[in-house]
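Here are the chains, one letter per residue:
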Amino acid sequence: MKLLVSIALLLVGSAAFANNQDNQFTEYKVEITALRTLSFDGETLKGGYSKGGGCQDHSTQFGLEFDEKNFEAKLRIYDVTSTPDYCDSFLYLEFNLNIRNLLQNEAEKKGLHWKRFTVILPKIDPSIF
């Protein structure tokens, strides 16, 4: 069975803290609402985004929200640091995501056996500040 993926764009945004029992930050997530670059080869999504900071190590995490009625999966992309990064550098971060595997794994966890998905992504903003 071949999984077909189509791509759509949507603007969304949020930030979240995760704390441990001692009320210390374990991670700080900021949702990425605009991508600078994006390419998709039918399986792997490659992209880049800009973020302020420079004092913390940054990583990228992904989440999916399924809309079972419309056969859509909204991809959330998060920039993650251990604490808020208020430094003044302008960072450019890249990511590679095998979206086909992520969709299949997350859909199976939810008991969904779709053959076709529409994936909603953050908007593309190629402007340079």
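Above this text is the structure in question.
Please read all numbers here as calculations on a predicted model, not as lab measurements.

### Quick look at the side chain of Asp79
Looking at the secondary structure, you find Asp79 in strand E8 (residues 72-81). Beyond its immediate sequence surroundings of up to four residues, Asp79 is in contact with Tyr28, Lys29, Val30, Ile32, Tyr49, Lys51, His58, Ser59 and Leu93.

### Some points on helix H1 (residues 99-109)
Of all the positions in H1, only Ile99, Arg100, Leu102, Leu103 and Ala107 are classed as buried. Projected onto a plane normal to the axis of H1, the buried residues spread over an arc of 165 degrees and lie on a single side. Turned more than 90 degrees away from the buried face of H1, the exposed residues are Glu108 and Lys109. Taking the backbone nitrogen of Arg100 as reference, a side-chain oxygen 3.3 Å away marks Asn98 as the first, capping residue of H1. Just downstream of H1, Gly111 is the residue with a positive phi angle, here 75 degrees.

How each quantity is defined
- Residues numbered from 1 in each chain as written.
- Predicted model: local features only at pLDDT ≥ 70, side-chain atom pairs only at ≥ 80, totals over all residues.
- Heavy atoms only, no water.
- Helix = DSSP H or I, 4+ residues; strand = E, 2+ residues; numbered from the N terminus.
- Contact = heavy atoms within 4.5 Å.
- Buried < 20%, exposed > 50% of the residue type's maximum accessible area, 1.4 Å probe, protein only.
- Arc of directions from axis to C-beta.
- Polar contact = N/O pair within 3.5 Å; in protein donor to acceptor, adjacent residues only side chain to side chain.

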